[in-house]
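Coordinates in review
Each chain is listed here by its residues.
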Amino acid sequence: MSSSSARGDQWTFLTNHARVLLWLARDPEVRLRDVAAGIGITERAVQIIVADLEAAGYLTRTRVGRRNRYTIDPTVALRHPSEADHPVGDLLGAFLRREEIPGGPPEAEAATR
């Protein structure tokens, strides 16, 4: 078996940063250990990714009792220069139902409350 075919089974289109962001968009009050288990990475890796996303302005962490709530800013541009003309909300929209997108249409937000 060639080394390229062995490696070919290992790559994916989305990074762990994108996966964590999508998970938090689906469930803003999820525990990071549950995100880690769902994605298949360590809880520490998720903590580092959340810190990266927060530092870059993609999300805000708010303490609610003993838990955290994560709010995503869908207007922040993607980081790579070739995608910088797209906000992260476009990525979320590609993977989430319209009413789940943070900052989506007000009627959709009202329907999910």
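Below or above, wherever it landed, is the structure these notes cover. Not measured: the values here are computed from a predicted model.

1. A look at the overall build of the chain
Each helix and strand counted, the chain has six helices and two strands in total. Within the chain, the proportion of its 113 residues that are buried is 26%. Excluding contacts between residues fewer than 6 apart, the proportion of contacts in the chain whose partners are at least 24 apart in sequence is 36%. Accessible area of the chain: about 7500 Å², with a carbon and sulfur share of 52%.

2. Examining the packing of aromatic side chains
With the rule as written, the count across this model stands at one aromatic pair. Both rings, one in tryptophan 11 and one in phenylalanine 13, keep their centres 4.9 Å apart while their planes meet at 75°; by these two values the pair is edge-to-face. Just as tryptophan 11 is exposed, phenylalanine 13 falls in that class too.

3. A short note on the pairing of strand β1 (residues 59-64)
Bridge count for β1 against strand β2 (residues 67-72) is six bridges, and the pairing is antiparallel. Looking at β2, one finds that valine 64 is bridged to arginine 67. Turn length for the β1-β2 hairpin, with the two strands adjacent in sequence and antiparallel, is two residues, and the turn residue glycine 65 shows positive phi of about 65°.

4. Considering the pattern of salt bridges
Side chains that differ in sign of charge can pair as their charged atoms come close. All told, the structure shown has three salt bridges when counted by the stated rule. Measuring nitrogen to oxygen at the nearest pair gives 3.0 Å for the salt bridge that ties glutamate 29 to arginine 69. With glutamate 29 in the loop between α2 (16-26) and α3 (32-39) and arginine 69 in strand β2, this pair connects stretches of sequence that are 40 residues apart. In this structure, glutamate 54 engages arginine 61 in a salt bridge whose closest nitrogen and oxygen atoms are separated by 2.5 Å.

5. A look at the environment of glutamate 54
Along the chain, glutamate 54 turns up in helix α4 (residues 43-55). A residue is classified by how much of its surface remains accessible, and glutamate 54, at 29% relative accessible area, is partly exposed. Residues glutamate 54 and isoleucine 72, spaced 18 residues apart in sequence, show a C-alpha to C-alpha distance of 9.1 Å. Those residues within four positions of glutamate 54 in sequence are excluded, and the remaining contacts are Leu59 and Arg61.

6. A few points about α2
Every buried residue of α2 is accounted for by Ala18, Val20, Leu21, Leu22, Leu24 and Ala25. Considering only its buried residues, α2 is in contact with α3, α4, β1, β2 and α5 (88-95).

7. Observations concerning the nonpolar core
By size, the foremost hydrophobic cluster in this structure holds 22 residues, and its most contacted members are Val20, Leu21, Leu24, Val50 and Leu59. Contributing elements (two or more residues each) for this core: α2, α3, α4, β2 and α5. With residues up to four places along the chain from it excluded, the contact list for valine 50 reads Val20, Leu24, Leu32, Leu59, Arg61 and Tyr70.

8. Overview of the packing of α2 against α3
Running from N to C, α2 and α3 point in directions that differ by 125°, and their axes come no closer than 10 Å. As the angle between them shows, α2 and α3 are arranged oblique. Of the two possible hands of crossing, α2 and α3 adopt the one that is right-handed. Here Asn16, Arg19, Val20, Trp23 and Leu24 of α2 come into contact with α3, specifically with Leu32, Asp34, Val35, Gly38 and Ile39. Across the contact of α2 with α3, the residue classes tally to six nonpolar, two polar and two charged.

What counts and what doesn't
- Residues numbered from 1 in each chain as written.
- Predicted model: local features only at pLDDT ≥ 70, side-chain atom pairs only at ≥ 80, totals over all residues.
- Heavy atoms only, no water.
- Helix = DSSP H or I, 4+ residues; strand = E, 2+ residues; numbered from the N terminus.
- Buried < 20%, exposed > 50% of the residue type's maximum accessible area, 1.4 Å probe, protein only.
- Contact = heavy atoms within 4.5 Å.
- Areas by Shrake-Rupley, 256 points an atom, 1.4 Å probe, with all protein chains shown as cover.
- Phe/Tyr/Trp six-rings, centres within 6.5 Å; stacked < 30°, edge-to-face > 60°.
- Pairing = 2+ DSSP bridges.
- Salt bridge = Lys/Arg side-chain N within 4 Å of Asp/Glu carboxyl O.
- Core = buried A, V, L, I, M, F, W, Y, C linked by side-chain atoms within 4.5 Å.
- Axes fitted to C-alpha atoms, helices over the stretch in contact; angles between N-to-C directions.
- Parallel < 35°, antiparallel > 145°, perpendicular 65-115°, else oblique.
- Left-handed = near helix turned anticlockwise from the far one by under 90°.
- Nonpolar A, V, L, I, M, F, W, Y, C, P; charged D, E, K, R; others polar.

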